[in-house]
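As a plain string of letters, each chain reads:
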Amino acid sequence: MKNKILMSGNEAIAEGAIKAGCRFYAGYPITPQNELIAYMSSRMPEVKGVFIQAESELAAINMVYGASAAGVRAMTSSSSPGVSLKQEGISYIAGAELPAVIVNVMRGGPGLGNIAPAQSDYFQATRGGGHGDYRSIVIAPSAVQEAFDLMFLGFGLADKYRNPVIVLTDGMLGQMMEPIKVASCKFQVSSKKPWALTGCAGRKPNIVKSFFLAEGALEIANLKLQEKYKTIQEKEQRFEGLFLDDANIILVAYGSMARVAKGAVGALRRNGKKVGLIRPITLWPFPSKVFKSICQRNKKSKVLVIEMSYGQMIEDVLLSVNGKLPVEFIGKSGGGIPSEEDIINKIKLL
Amino acid sequence: MEKIYRRPESLYDTSTHYCPGCGHSTVHKIIAEVVDELGIRKKVIGIAPVGCAVVAYNYWNFDCSEAAHGRALAVATAIKRVRPNNIVFTYQGDGDLAAIGTNETIHAANRGENLTVIFINNAIYGMTGGQMAPTTLLNQKTATTPLGRDAKFQGYPLKISEMLAVLPAVKYIERVSLQSVPETIKAKKAIKQAFINQVDGVGFSLVEVLSPCPTYWGMNPVDSLKWIKDVMAKEFPLGRIK
Ligand SMILES: Cc1ncc(C[n+]2csc(CCOP(=O)(O)OP(=O)(O)O)c2C)c(N)n1
Ligand code: SF4
């Protein structure tokens, strides 16, 4: 374990963000992401960044809007009820085409719910969540090391596409500790931001806005956004596949849930069962291409979706499979997590 | 011939979308003049509100951002923190600053952010059609107080400037009015001071401007100015508050 340090998922996300060049963080406490805001409060000043404990999630996301408008890599984090409050700001960030990273360490809902891990904000993250026709890029780590590494991707994609990126994780991964290697950024994008607000010396004034009142102007702006989303869908699908070549039962799970699913795959494989796994890493864009190829190749296979919710990602799986393969589901939420045994028992019935 | 008055460089040569007699256009011009006079145009970043002044950046020839309704001071806080050498100001109506954005207002002030805030108090929501604002006067009729504001049901006009003045981190607050030429000249002086404070690193400065909304007050522009002087300025006394 040489060169490795023990970190919680929340801390790894924070350190990953800093290594990825994040120099502005604003947040508001909520369990189970409190380690993240505390970590940022001590680390940000060390790297000459700005840390603000905001008065609310609304203020925090709008501070991120401001810092990003001024050309700085900016991030906020929260957990489910807090992310609901951030939706207004995320919509504005998408509308103004600003890069930003928003971390959701999900807990049980709806309402105040509880502080147990859950995956029930999938719809909110992948469908826009706030008002208007927009999309956030959504990435879902499933290990502490990956949580660290994906922050480079998160900030890189945010800058590349000038779009909000949501890191969707949950209380289990946020709080669990694993030894990780802390490296620096691999995902390079141009750091030039000619659109940023820096004062208009030597150029025409820049305006950051999402307001298009003139007839037809909003339609033009929205069509441009849709073009961007199409490009992202085409180019940025990411997933991890296990044993897909010969699998006739394909599990689909993301984040913490994928760790349990992997355990089940291992156990079943040892018993000679041809089970595989698709673990989406980007939830939007959803890795639909791999499902299309599975439909062509593994024509007799069955798909089993497992979520810490009562069925949200399954809709994307159904859309991707498009009726060509049967799709089954196991889900729990509100504190419950489907176990390896639950998965194995379900597979016996398939 | 010597030109002694000209359009400031910070103000675009364009026609206005504001109603005749509206105070917004006057204050836009004052800000442009002050920015020119202080020579800070290339460093200024303005934050436009949601309200009738939502497109303020159509008039100002410098960098601007929009903010969601009420969130201008959160946006401004971050911009100033990451770019301390820029001059950052917010321009906000009473609905924006004193209703939906009260939280952001109080906390940016309490943190003592080195910002300049121009607060347009026209005692009404203009853009959405003349509904009651927190600053609407008692007995004032609006779209949502058809019988006039009644303290029993809608409370009293909110005195944001006096409330903020009790915060130790707040450095400068002045209430001014556009009711007459001499008062408008004082308004410009106060706005200039609020910018100078930021240049000098003094801290949070706010100028509240009593400003006419002839359209939704249901008055002509001249009567609107008289109403500010006779009625509004009695409820919201002019002068330096802090
Ligand atoms: C979240 C949100 N709520 C409500 C509105 C609608 N809205 C637009 S402007 C406005 C009131 C503006 O009043 P004020 O700030 O006093 O500015 P004025 O128009 O009088 O200059 C409201 C309620 C909005 N745009 N966003
Ligand atoms: S509605 Fe009132 S505040 Fe708005 S532009 Fe007209 S006069 Fe000005």
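The notes below deal with the structure included here. The numbers attached to residues start from 1 for each chain and follow its sequence in the written order. By the order in which they are written, chains take letters starting at A while ligands take numbers starting at 1. Local features in a predicted model are, by the rule used here, given only for residues with pLDDT of at least 70; side-chain atom pairs are given and counted only at 80 or more, and totals for whole chains, interfaces and linings are based on all residues. Excluding hydrogens and water, the side-chain values take into account all heavy atoms of the structure.

1. Let's talk about the site of ligand 1
All names here are of chain B.
1) Next: We define proximity as follows: a residue is near a molecule or strand when any one of its heavy atoms falls within 4 Å of that partner. With respect to spatial proximity, 17 residues lie near ligand 1, and among them His-24, Cys-52, Asp-94, Asp-96 and Gly-126 are the closest.
2) Next: In the analysis that follows, any N or O atom pair within 3.5 Å is treated as a polar contact, provided that within protein one partner can donate a hydrogen and the other can accept it, and provided that, for residues neighboring in sequence, both atoms belong to side chains. Interatomic distance of 2.9 Å between a backbone N/O atom of Cys-52 and an oxygen atom of ligand 1.
3) Next: Computed with the Shrake-Rupley method and a 1.4 Å probe, the accessible areas treat only the protein chains shown as cover for residues. Protein chains shield 76% of the accessible area of ligand 1, which is 590 Å² for the free molecule.
4) Next: Under the scheme used here, helices are H or I runs from DSSP no shorter than 4 residues and strands are E runs no shorter than 2 residues, and both carry numbers assigned from the N terminus. Broken down by secondary-structure element, the contributors of at least two residues to the shell around ligand 1 are helix 3 (94-100) and strand 5 (124-125).
5) Next: For the shell around ligand 1, the element with the highest residue contribution is helix 3, accounting for 4 residues.
6) Next: Amino acids are sorted into nonpolar (Ala, Val, Leu, Ile, Met, Phe, Trp, Tyr, Cys and Pro), charged (Asp, Glu, Lys and Arg) and polar (every other residue, Gly among them). Class assignment for the residues of the shell around ligand 1 results in 6 nonpolar, 8 polar and 3 charged.

2. A few points about the sheet that holds strand 11 (residues 249-252) of chain A
Residues and elements named next belong to chain A.
1) Next: For two strands to be treated as a pair, DSSP must find at least two bridges joining them. Across the sheet, which stays open at both edges, the 5 strands sit in the order 10-12-11-14-15 with mixed pairing between neighbours. The open sheet terminates on both sides in strands that have one partner only, identified here as strand 10 (239-242) and strand 15 (327-331). Across the sheet, the mean angle from the axis of one strand to that of its neighbour is 20°, orientation sign disregarded.
2) Next: As judged from the 4 bridges shared by strand 11 and strand 12 (residues 275-280), these two strands associate in the parallel manner. Counted as the bridge partner of Ile-250 is Gly-276 from strand 12.
3) Next: Set on the sheet, helix 10 (residues 288-297) makes contact with strand 10, strand 11 and strand 12; between it and strand 12 the angle comes to about 155°. Every axis corresponds to a line fitted to the C-alpha atoms, with the helix fit spanning only the stretch in contact, and the corresponding angles, defined between N-to-C directions, vary from 0 to 180 degrees. Between two residues, a contact is recorded if the distance between any of their heavy atoms is within 4.5 Å.

3. As for the side chain of Lys86(A)
All names here are of chain A.
1) Next: Relative to the helices and strands, Lys-86 is located in helix 4 (residues 80-95).
2) Next: Each residue is placed in one exposure class: buried if its accessible area under a 1.4 Å probe, protein chains only, is under 20% of its type's maximum, exposed if it is over 50%, and partly exposed if it falls in between. By the counting rule applied here, Lys and Arg register as positive and Asp and Glu as negative, while His and the ends of each chain are not counted. Salt bridges, as used here, are contacts in which a Lys or Arg side-chain nitrogen is within 4 Å of a carboxyl oxygen on Asp or Glu. Notably, Lys-86 is buried but unbridged: the nearest opposite-charge side chain belongs to Glu-57, and the N-O separation is 6.0 Å.
3) Next: Not counting residues within four places of it along the chain, the set of residues in contact with Lys-86 comprises Glu-57, Ala-60, Ile-61, Thr-76, Ser-77, Ser-78 and Ile-102.

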